[in-house]
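Here are the chains, one letter per residue:
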Amino acid sequence: MSTIFGIPAPAFYGQLLIGLINGSFYALLSLGLAVIFGLLRVINFAHGAQYMLGAFAAYLLLGYAGIGYWPSLILAPLIVGVTAVVIERTMLSRLYNLDPLYGLLLTFGLALILEGVFRYWFGAAGQPYSPPSQLTGAVNLGFMFMPIYRGWVVVASLIICLSTWLLIEKTRLGAYLRAATENATLVQAFGVNVPRLLTLTYGLGAALAAVAGVLAAPIYQVSPLMGSNLIIIVFAVVVVGGMGSILGAIVTGYMLGVLEGLTKVFYPEASSIVIFVIMAIVLLIRPAGLFGREE
Amino acid sequence: MSNTPLLEVRGLNAWYGESHVLHGVDLDIQEGETVTLLGRNGAGKTTTLRAIMGILRRREGVLRLRGQDLLGLPLHRVAQTGLGYVPEERGIFASLSVAENLMLPPKVAENGMSVEEIYQLFPNLHERRTSQGTKLSGGEQQMLAIARILRTGATVLLLDEPTEGLAPVIVQRIGDVLVALKKRGMTILLVEQNFRFARKVADRFYLMEDGRMVNSFPGHQLDANMDQLHEVLGV
């Protein structure tokens with residue numbers, strides 16, 4: 001059997017794939033967090049709960065309305081996005097002129113409530129969600145067998161991250177968003193409806209989390225705490241990438257996912273802390289993050 | 001000269017938090033006029049512009065453009081009335097290219113300058129259109145800050161110290177641009193410390209001190225008022 005650095009090749013590629021999958025979720029989630037933080041200056045602690053809501057929306061749409069995976073991939077983010085818009089309009093928008101800590105506390109509270117409610121309804125155990133029939137089975141890549149659904153997750157997350165990046169870097173709406181991130185008052189004085197831009201941005205960030213939730217449903221089980229397990233790592237990713245940096249969030253997400261996977265191959269004991277060790281080192285050497293701008 | 005001013009400011013009071021910074025400011029600008037606010041640092045000139053624009057929110061008094069009340073408008077509706085703001089710090093965005101900075105403010109009327117006209121007026125901006133906005137020199141950033149408002153079709157330009165910290169040759173260039181804008185019928189409210197620069201373009205002067213208007217006179221009486229100017233400006 002062939003080996004890579006003394007590791008059997010299938011084990012190496014297997015962990016590399018798991019790293020890429022995890023990295024896909026890290027990238028999608030940290031992207032949403034970065035977009036929200038960049039413009040709203042709110043550290044959205046409800047992000048994990050919104051990811052969980054996306055997965056549950058898909059699960060409930062299937063269970064109660066018979067709506068399958070593909071429509072859910074659009075519908076669940078829409079539903080979660082709309083609830084986020086309501087949260088922003090009725091609650092979050094009242095906190096912009098206060099210390100950023102208030103936004104953090106509000107979203108943290110909301111996350112606890114949402115997770116509590118879903119645990120009350122569904123218990124802590126996970127609910128199964130099957131991948132769509134088109135994406136079941138595995139494909140032989142020559143050097144390993146890859147479950148088709150996992151390959152799809154990597155491709156889908158790449159497409160979504162790239163589209164979001166293009167939206168922000170190349171469109172007029174994105175230019176408003178970037179400019180408002182720097183100086184919201186001036187952009188509003190130019191006639192741009194910045195309060196509406198803030199609302200849409202929060203909705204978009206939450207919708208990205210929900211997409212990740214739907215993509216995750218067939219891989220991990222749908223459970224009320226699926227988000228809080230993941231979100232701590234995602235915060236570390238955002239810090240390493242640089243708070244508010246879009247490209248930083250995406251690149252760092254994949255990079256740390258793969259690094260975590262490879263650590264599992266070479267030194268499994270460290271795999272659950274490697275991301276936090278890197279975060280500590282980055283904070284010491286480059287406090288603004290790998291892609292962040294010093295302010 | 002018609003009797004109803006284009007921009008009408010009556011007894012305008014404004015506050016930064018608890019501190020009362022404008023005390024009953026009166027100011028009129030007729031259509032097509034260039035009016036210059038003179039005064040020392042801290043006299044309230046920038047504050048007056050920010051209060052007119054609505055960036056400073058806590059205001060009382062009368063503030064009307066073409067008879068329309070501005071005090072009740074949310075900030076993002078003010079630009080649509082035709083007010084265009086060029087801030088003192090220029091406000092060029094680092095995360096936007098020169099061209100993106102130029103295209104950023106939404107159009108408020110159809111008769112704004114076309115991008116081609118703007119690039120003719122400011123050839124440097126065309127050359128550097130793909131550069132990061134803040135990589136421009138100070139003078140170029142000032143040109144860009146003015147140019148992006150010209151594209152929107154705004155009819156009243158609020159211009160805060162456009163010559164501050166710039167080399168004489170650039171100051172001259174900005175003066176030429178303002179004269180050209182006047183010829184196009186643009187109404188300009190200019191805040192300026194440099195009254196040698198301002199006298200070339202201003203039809204009227206207002207003199208501010210401690211958040212109040214203390215004098216106003218037509219441009220040709222600048223020399224007659226020089227004693228008071230020296231006293232108030234401390235030059």
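Residues numbered from 1 in each chain as written. Chains lettered and ligands numbered in written order. Predicted model: local features only at pLDDT ≥ 70, side-chain atom pairs only at ≥ 80, totals over all residues.

A.B. asks: What's the story with the overall build of chain A in this structure? I'm lost.
C.D. replies: Scanning chain A from terminus to terminus reveals ten helices and four strands. In chain A, the succession of helices and strands from N to C terminus is β-β-α-α-α-α-β-β-α-α-α-α-α-α. For a compact globule of 295 residues, the expected C-alpha radius of gyration is about 19 Å, and chain A comes in at 19 Å, within 12% of that figure. Expressed as lengths along the three principal axes of its C-alpha atoms, the size of chain A is roughly 65 × 50 × 35 Å. Considering chain A as a whole, with its 295 residues, one finds that 49% of them fall into the buried category. (Helix = DSSP H or I, 4+ residues; strand = E, 2+ residues; numbered from the N terminus. Rg over C-alpha atoms; globule rule 2.2 N^0.38 Å. Buried ≥ 20, exposed ≤ 12 C-beta atoms within 10 Å, placed from the backbone.)

A.B. asks: Please explain the overall build of chain B as it appears in this structure.
C.D. replies: Scanning chain B from N- to C-terminus turns up nine helices and ten strands. At 17 Å, chain B has a C-alpha radius of gyration in line with the 18 Å of a compact globule built from 235 residues. Burial status across chain B gives 43% buried among its 235 residues. Considering only intrachain contacts with a sequence separation of at least 6, the fraction spanning at least 24 residues in chain B is 69%. (Contact = placed C-beta atoms within 7 Å.)

A.B. asks: What is the right way to read the environment of Asp223 of chain B from this model?
C.D. replies: For Asp223 of chain B, the position within the fold is in the loop between strand S10 (212-218) and helix H9 (226-233). It is 10.0 Å that separates the C-alpha atoms of Asp223 of chain B and Arg199 of chain B, two residues lying 24 residues apart in sequence.

A.B. asks: I would appreciate a short explanation of the UniProt feature "transmembrane region" (unreviewed entry) in chain A in the present structure.
C.D. replies: All names here are of chain A. Here, UniProt's "transmembrane region" (unreviewed entry) annotation points to residues 12-39, 51-67, 73-92, 101-122, 149-168, 200-220, 232-259 and 265-285. Secondary structure content for residues 101-122 is 100% helix and 0% strand, and the end C-alpha separation is 31 Å. The distance from the first to the last C-alpha atom of residues 265-285 is 27 Å, and the span holds 67% helix and 0% strand. (UniProt positions renumbered as here; feature names shortened; annotations may be inferred.)

A.B. asks: Can you help me understand the sheet that holds strand S6 (residues 83-86) of chain B in this one?
C.D. replies: Residues and elements named next belong to chain B. The six strands are arranged S6-S7-S8-S3-S9-S10 in an open sheet whose pairing can be described as mixed. Both edges of this open sheet fall to S6 and S10, since each of them pairs with a single strand only. For this sheet, the mean angle separating the axes of adjacent strands, direction not counted, is 15°. The pairing of strand S9 (residues 204-209) with S10 spans six bridges and is antiparallel. Bridged to Leu207 within S10 is Asn215. (Pairing = 2+ DSSP bridges. Axes fitted to C-alpha atoms, helices over the stretch in contact; angles between N-to-C directions.)

A.B. asks: What exactly am I supposed to notice about the interface of chain B and chain A here?
C.D. replies: It is common to give the size of an interface as the accessible area that goes away when the parts come together. Taken together, the 19 residues of chain B in the interface contact 14 residues of chain A. The element contributing the most residues to the side of chain B that touches chain A is helix H2 (residues 75-78) of chain B, with three residues. Within the side of chain B that touches chain A, the residues separate by chemical class into 14 nonpolar, four polar and one charged. (Nonpolar A, V, L, I, M, F, W, Y, C, P; charged D, E, K, R; others polar.)

A.B. asks: Mind showing me how you'd approach helix H4 (residues 100-122) of chain A here?
C.D. replies: One turn of the α-helix equals 3.6 residues, which is why residues spaced by three or four share an orientation. All names here are of chain A. With 23 residues, H4 extends 33 Å between its outermost C-alpha atoms, agreeing within 8% with the 33 Å of an ideal straight helix rising 1.5 Å per residue. Within the span of H4, buried status applies to Gly103, Thr107, Leu110, Ala111, Leu114, Glu115 and Phe118. Where the residues of H4 are buried, they touch helix H2 (47-65), helix H3 (69-90) and helix H8 (226-241). (Expected span 1.5 Å × (residues − 1).)

A.B. asks: Can you walk me through helix H5 (residues 148-170) of chain A in this structure?
C.D. replies: Residues and elements named next belong to chain A. In this model H5 runs 32 Å from its N-terminal to its C-terminal C-alpha over 23 residues, within 8% of the 33 Å that 1.5 Å per residue would give. Along H5, the residues classified as buried are Tyr149, Val153, Ser157, Ile160, Cys161, Thr164 and Ile168. Residues of H5 that are buried sit in contact with helix H1 (9-40), strand S4 (145-147), helix H6 (172-189), helix H7 (194-216) and helix H9 (246-266).

A.B. asks: So what exactly am I meant to see when it comes to the environment of Gly234 of chain B here?
C.D. replies: Inspection of the secondary structure puts Gly234 of chain B in the segment after H9. Counting along the chain gives 126 residues from Gly234 of chain B to Val108 of chain B, while the straight-line C-alpha distance between them is 40 Å.

A.B. asks: Help me out: how do you make sense of the sheet that holds strand S5 (residues 68-69) of chain B in this one?
C.D. replies: Remark on secondary structure: sheet strands pair via backbone hydrogen bonds, oriented parallel or antiparallel. All names here are of chain B. Read across the open sheet, the four strands follow the order S2-S1-S4-S5; overall the sheet is antiparallel. Only two strands of the sheet have a single neighbouring strand rather than two, namely strand S2 (19-29) and S5. Across two bridges, strand S4 (residues 59-65) lies against S5 in antiparallel orientation. Bridge pairing in S5 links Arg64 to Asp69. Along the sheet, helix H1 (residues 45-53) makes contact with strand S1 (7-16), S2 and S4, crossing S2 at roughly 75°.

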